[in-house]
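As a plain string of letters, each chain reads:
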Amino acid sequence: MPTVLTRIGRRVTAGARTDATDAARFAHDVFSRNGAERQLVFQVLKSVLAALVAWVIARYPLGLPQPFVAPMIALLMVQSTIVSSLVKGTQQVAAVVVGMLTALVVFRLVSDTIAALGIALLVTTSFAAWKRLGDQGTYAPVVALTMISLQSTGETYFERRLLETVVGVAVGAVVNLVVKPPHYLDSARASATACVEEATEILRDTAEGLRAGWSVDDARGWGSRCDRLHTQVAACLEDLRWAGESVRLYPRRRRLDTTSPVATYGPVIDAVGSIAEPLGHFTRTLEIRASDDREATQHDVAFLIGCATLLDDIAEDVADWANADTPMHAPAVTVEKENTLAEGGSRQLHDLADRVRELPRAQVTYSGAMIIALEQIVDALRSRAPQGVAGGGGSPA
């Protein structure tokens, strides 16, 4: 028993230490940078403000007794974006009205409280599953349950709660719109830049390994980073989508550089995602090749250096995507590099294929797989190059 208690104590202590560390890191991020942590703090403060204002308005100017619905809905109305506040507000009103009307009608028609409760919950729970109400549909059965349980099903009660609902929605929407409206452009830009930089580093590290020699662990590490890059790309695209939604209906939209993280980085991150998969295949081929103890020939070394040169050229182009200084138009050098690489990449691949013919037969399988992966990467760049030309400078990153 003492041993068990000791283990529990250690786990509790370790958990408390981890929570304290996370809290300290969160507090540091709140005060040191304008990121998601600070945005969350502002959202909490705005929610409290909206609830207090809604309660005061419902209680004093409108004279509503026990106004709990107004502050509750105002609290929930302060969402992460203005659009989501309006959408959820509409859904909340609809759900509350459904719950109130159901309770009012059922209680008038059914005298038994238990039977009325069952019928009302059956109806409102069915409405709660309606996709147009989203996650706000659960308010319908909650409201119906409250009204029937308290037997507050008169028309006056209905009118008061409906008025409270409107007040809560209005106050929550106004507070979210006026008091530091939320947007996530900076975090989306940072996420996209980090994604591009990681892809660039993987390309350069792999190229360096081809020149200096690599081990199974080196290649396995590059492959693992490619796998993580897939996840990072998916998360970045979600960040971009969220940033795009956050500036819809934004009251000071003209002051924001809304093009850079949304319109600019979307195609860029898609391109990074298309590179990540063939680059992963390339590194896994290197892992298999490293497990083979055959010594490299002179022709083999020349082939590897050629692959490294192409990877460096690709890395230089990808690194240029992270340039966010001119979000509306790509720097001329970016477009020039993309066009040059799209045209020159095929030529380099052709030269590499000629070198493969000079390799020992045992190395042809590995080298052929490497060329296929490089060709897929160059194809991704080639498909992006026309986008850079079409826009009179294109979409840089």
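Every chain's residues receive numbers from 1 upward, in the order its sequence appears when written. At least 70 in pLDDT is required for a residue's local features to be given in this predicted model, at least 80 for side-chain atom pairs to be given and counted, and no such filter applies to totals for whole chains, interfaces and linings, which use all residues. Neither water nor hydrogens contribute to the side-chain values; these are computed over all heavy atoms in the structure.

### Focus: the overall build of the protein
Broken down by element type, the protein carries 13 helices and 0 strands. Secondary structure elements follow DSSP: runs of H or I no shorter than four residues count as helices, runs of E no shorter than two count as strands, and numbering proceeds from the N terminus. Each helix (α) and strand (β) of the protein, taken in turn from the N terminus, gives the series α-α-α-α-α-α-α-α-α-α-α-α-α. For every residue, the accessible area obtained with a 1.4 Å probe (protein chains only) is divided by the maximum for its type, and the residue is called buried under 20%, exposed over 50%, and partly exposed between those limits. Put simply, the protein has 397 residues, and 44% of those count as buried. Contacts are residue-level and defined by heavy atoms, with any inter-residue pair within 4.5 Å sufficient. By sequence separation, contacts in the protein at least 24 residues apart represent 81% of the contacts at least 6 residues apart. Residue-level accessible areas treat just the shown protein chains as cover; the underlying method is Shrake-Rupley with a 1.4 Å probe. For the protein, the computed accessible surface area is about 20,300 Å², with 60% contributed by carbon and sulfur atoms.

### Structural notes on the packing of aromatic side chains
Stacked, tilted and edge-to-face are the three classes applied to pairs of Phe, Tyr and Trp rings, where Trp contributes its six-membered ring and a pair requires centres within 6.5 Å; stacked means planes under 30 degrees apart, edge-to-face means over 60, and tilted covers the rest. Enumeration according to the criterion identifies 2 aromatic pairs in this entry. Each ring, one from Trp55 and one from Tyr60, has its centre 5.9 Å from the other, and the planes form 80°; the classification is edge-to-face. Judged by its relative accessible area of 57%, Tyr60 is exposed. Here the aromatic rings of Phe127 and Trp130 are separated by 6.4 Å at their centres, their planes lie at 75°, and the arrangement is edge-to-face. Think of it as a cone above the ring: NZ of Lys or CZ of Arg counts as a charge over the ring if it is within 6 Å of the ring centre and within 35 degrees of the ring normal. Sitting above the plane of the Tyr60 ring, Arg59 keeps its charged end 5.8 Å from the centroid.

### Comments concerning the pattern of salt bridges
When a carboxyl oxygen of Asp or Glu is within 4 Å of a side-chain nitrogen of Lys or Arg, the pair counts as a salt bridge. Here the structure, examined in full by the defined rule, presents 6 salt bridges. The salt bridge partner of Arg225 is Glu198, with a shortest N-O separation of 3.2 Å. Here the residue Arg225 occupies a position in helix H9 (residues 216-246), and Glu198 occupies one in helix H8 (residues 185-212), the gap between them amounting to 27 residues. By the burial criterion, Arg225 is buried, and Glu198 matches it. Between Arg225 and Asp205 there is a salt bridge; the shortest N-O distance is 2.8 Å. With Arg225 in helix H9 and Asp205 in helix H8, this residue pair connects regions lying 20 residues apart in the sequence. The class of Asp205 is partly exposed, set by a relative accessible area of 28%. Each of Glu198, Asp205 and Arg225 takes part in salt bridges that share partners, so that together they form one network.

### Some thoughts on a nonpolar patch on the surface
Two distance rules govern patches: like charges are joined within 9 Å, and nonpolar side chains (Val, Leu, Ile, Met, Phe, Trp, Tyr) within 5 Å, applied only to residues with over 30% relative accessible area and no salt bridge. A cluster of nonpolar side chains, namely Leu49, Val53, Ile57, Leu62, Leu163, Val174, Leu177, Val178 and Val179, defines an oily patch on the protein surface of about 640 Å² accessible area. It is helix H7 (residues 155-178) that provides the largest number of residues to the nonpolar patch, a total of 4 residues. Within the secondary structure layout, Val178 lies in helix H7.

### Structural notes on unusual backbone geometry
Peptide bonds are, in most cases, trans, and in most cases residues other than glycine have a negative phi. Despite not being glycine, Gln66 has its phi angle at roughly 50°, a positive value. By the element assignment, Gln66 lies in the loop between helix H2 (36-59) and helix H3 (69-77).

### Here's the deal with helix H5 (residues 113-128)
Expected span of a helix, by definition, is 1.5 Å for each gap between consecutive residues, and there is one gap fewer than residues. Here H5 contains 16 residues, and its C-alpha end-to-end distance of 22 Å stays within 8% of the 22 Å for a straight helix at 1.5 Å per residue. Three or more residues of H5 are buried, namely Ala116, Ala120, Thr124 and Ala128. Across the axial projection of H5, the buried residues extend over an arc of 95°, all falling on one side. More than 90 degrees from the buried face of H5, the exposed residues found are Ile114, Leu122 and Ser126. Taken from the helix axis, the directions to the C-beta atoms give the arc we talk about.

### Description of helix H6 (residues 139-149)
Every buried residue belonging to H6 is among Tyr139, Ala140, Pro141, Val143, Ala144, Met147 and Ile148, and all of these are buried. One or two residues past the end of H6 sits Gln151, with phi positive at roughly 55°.

### As for the environment of Ala212
Position of Ala212 relative to the elements: it lies in helix H8. Since its relative accessible area comes to 66%, Ala212 is described here as exposed. Separated by 93 residues in the primary sequence, Ala212 and Ile305 place their C-alpha atoms 9.5 Å from one another.

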